[in-house]
Structures are given as structure tokens and as C-alpha cells.
Amino acid sequence: MTRTGVNKNNNGEEPNRKRPIEEQFLALANYQSNNNGNRSSMESDIAQSSNAGWPIPVHVRIEEEDIKPTPDIQFEPICPSNNPTNLNNFEIPTEQQNSLQNSSFKYSCREDVINEISKQKIKLGLKWTDTAKIIGNSKEWTTAACLGQMQFNESEAEKMIKIFQLSPDAKLWLTTVPNRGNSSASTSNDPVLYRFQEVLNVYGGALKELINEQFGDGIMSAIDFRIDLQKELCIEGDRVKIIMSGKFLPYKRF
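Residues numbered from 1 in each chain as written. Predicted model: local features only at pLDDT ≥ 70, side-chain atom pairs only at ≥ 80, totals over all residues. Heavy atoms only, no water.

**Describing the overall build of the protein**
- If you tally the helices and strands in the protein, you get nine helices and two strands.
- Listing every helix and strand of the protein by position from the N terminus yields α-α-α-α-α-α-α-α-α-β-β.
- Taken across its 254 residues, the protein has 18% of its residues classed as buried.
- Roughly 20,900 Å² of accessible area belongs to the protein as shown, and the carbon and sulfur atoms make up 53% of that amount. (Helix = DSSP H or I, 4+ residues; strand = E, 2+ residues; numbered from the N terminus. Buried < 20%, exposed > 50% of the residue type's maximum accessible area, 1.4 Å probe, protein only. Areas by Shrake-Rupley, 256 points an atom, 1.4 Å probe, with all protein chains shown as cover.)

Have a look at this one:
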């Protein structure tokens, strides 16, 4: 049974019928082999394919006149020449100049502030534990911060100025990130041992001050001594818990 109204070629096939994939590969191979042969044979094959109704691939040739250069894009200058920025004419406002000239700087570095805190602590009879209650942090952290190992925020720095009666410019150093630790201390290359040394560099001075404040002039013994390491389970990650207990040894007069 044939369809009516469909034109067929001389071979009785529909000219617009879709070619199977196998026939397409064979036609391509035949085309490539004929391309290396004589031109008359290739033209004969093309004519035969045309008579059979198969679509012939069309190779598009790009002429030179079809290639157009990209037009130059003009950008407007960020700083137009009619309104140049002259940094040489920049001036500090008069009010700011007066503020800088009238302000006095007593402390030239963080060490000056730390030394002043230590002097005022003795002069005013203050304790680190009482200072920590006013600042609002733990006594360990507050003591380390007062020794220059931690950074105060602006509110805490203002409280420190009132407690120790410091010059207002101390706030600049108290709120600056400190250079922690003792650079002259020997360090180990082992990461675990280095962390213990880091703890002593940062908190060692604070622990010494607190021991002397609560026990007197002396040391913690490392001979009559107990240490306990525990694994503390925590949702954010397990923690290392170390408890040290050493006998207090006061310095004796002789």
C-alpha cells in the first residue's frame, strides 16, 4: 500500500525520506574516498546522489568581506579632565587639626600602659579578681589582658582607664591586638609540646600573679605535684581537660 500525493524519483524512492544512520556513514566514507580520486568520478557520484534525492552537504565558505572588525569602544575617563582630583590641595578640617594638636599622648607603646597598670595596682591596692568582676570576664582572662596578652574592647578599655586611673590615650593600646607570648622563650618543634609552651607564654604571667595574690610569695611545686588529663565530651568537638595540682612552696627568709 502506497501513499498518494507523494512524488518519487526514478528509483521509486521518496526524495525527502530521512536516511538511516548506516547510509549516512557510508555516504560520508564514499565522499571522502572520492575526494582523493579524480574529480569526474566525484562529480558523477554527486550527480547520482542528487538524482536519488539524497540531500547533499553544503560547505559554507567565509569570505573576507564577511569578517568585520570589532568597532573601537570609547570609555569615558573615571576622573574627567575638567574636574581633576588634586590631592596636594587636600586639607584637614580646622576642628580636627585643633583636636590633634590639643591631645597629649602619654604612652608610646603597649608596654608603657602595662607598666602603668602594674604601678597603679600596687598604688591603689587593687586585686586582679576584683578587676575581673568589674570588667565582666574571668579572672584568668582579665589578668592575662592586664599583662598585655589579650585585647580589650572599647567598653572594657574605658573601664580599665577608670579603675587604674590611666591617661585617655591608653585606650588606643588596650584595644590593639597584642603581640602575645615571649619571643625569647625556647620553643619545641612538636605541635603538642608547642601548645603547652604557648599556654605558658600567654597565661603564665597571669597564673603567677594569681598564685602570688592568693597564696603569697612562692611557687607551685613540680615535685609534690599531681596532674590529671581527661577527655571532655562536647557537641562541638571533644576537648582536652588538664587538671594540675602542685604544693605551694613559699620563699623562706634566712
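**Considerations on the UniProt feature "active site" (unreviewed entry) in the protein**
- As annotated in UniProt, the feature "active site" (unreviewed entry) corresponds to Arg195, Glu198 and Ser221 in the numbering used here.
- Judged by its relative accessible area of 47%, Arg195 falls in the partly exposed class.
- Position of Ser221 among the secondary structure elements: in strand E1 (residues 218-232).
- For Ser221, the contacting residues outside a window of four places in its chain are Gly246, Lys247 and Leu249.
- Of note is the side chain of Ser221, whose polar atom sits 3.0 Å from the backbone nitrogen of Ile223. (UniProt positions renumbered as here; feature names shortened; annotations may be inferred. Contact = heavy atoms within 4.5 Å. Polar contact = N/O pair within 3.5 Å; in protein donor to acceptor, adjacent residues only side chain to side chain.)

**Notes on the pairing of strand E2 (residues 239-250)**
- Pairing between E1 and E2: 11 bridges, direction antiparallel. Across the sheet, the residue bridging to Ile227 is Met244, located in E2.
- Following E1, the chain reverses through six residues before pairing antiparallel with E2; Gly237 in that reversal takes a positive phi of roughly 140°. (Pairing = 2+ DSSP bridges.)

**Focus: the packing of aromatic side chains**
- What the rule picks out here adds up to three aromatic pairs.
- On the numbers, 6.5 Å between centres and 45° between planes, the contact of Trp128 with Phe164 is tilted. Of this pair, Trp128 sits in helix H5 (residues 128-135) while Phe164 sits in helix H7 (residues 154-164), and the two are 36 residues apart along the sequence.
- Relative to Phe152, the ring of Trp141 lies with its centre 5.7 Å away and its plane at 90°, an arrangement referred to as edge-to-face. Residue Trp141 is found in helix H6 (residues 139-146), and its partner Phe152 is found in the loop between H6 and H7; the two are separated by 11 residues along the sequence. (Phe/Tyr/Trp six-rings, centres within 6.5 Å; stacked < 30°, edge-to-face > 60°.)

**Section: the nonpolar core**
- Judged by nonpolar contacts, the single largest core of 22 residues is most densely connected at Ile117, Phe152, Met160, Leu166 and Leu174.
- Secondary-structure elements contributing two or more residues to this core are helix H4 (110-124), H5, H6, H7, helix H8 (170-174) and helix H9 (191-215).
- Take this core: its biggest share by element is five residues, from H7.
- Each of two domains, domain 1 (106-175) and domain 2 (191-250), supplies a minimum of three residues to this core.
- Those residues within four positions of Ile117 in sequence are excluded, and the remaining contacts are Trp128, Cys146, Met160, Phe164, Leu166 and Leu174. (Core = buried A, V, L, I, M, F, W, Y, C linked by side-chain atoms within 4.5 Å. Domains from an automatic or database assignment.)

**Quick notes on H5**
- Every buried residue belonging to H5 is among Trp128, Thr131, Ala132 and Ile135, and all of these are buried. Relative to the axis of H5, the buried residues are bounded by an arc of 100° and lie together on one face.
- Of the surrounding elements, those touching the buried residues of H5 are H4, H6, H7 and H9.
- Directly beyond the C-terminal end of H5, a positive phi value near 100° is found at Gly136. (Arc of directions from axis to C-beta.)

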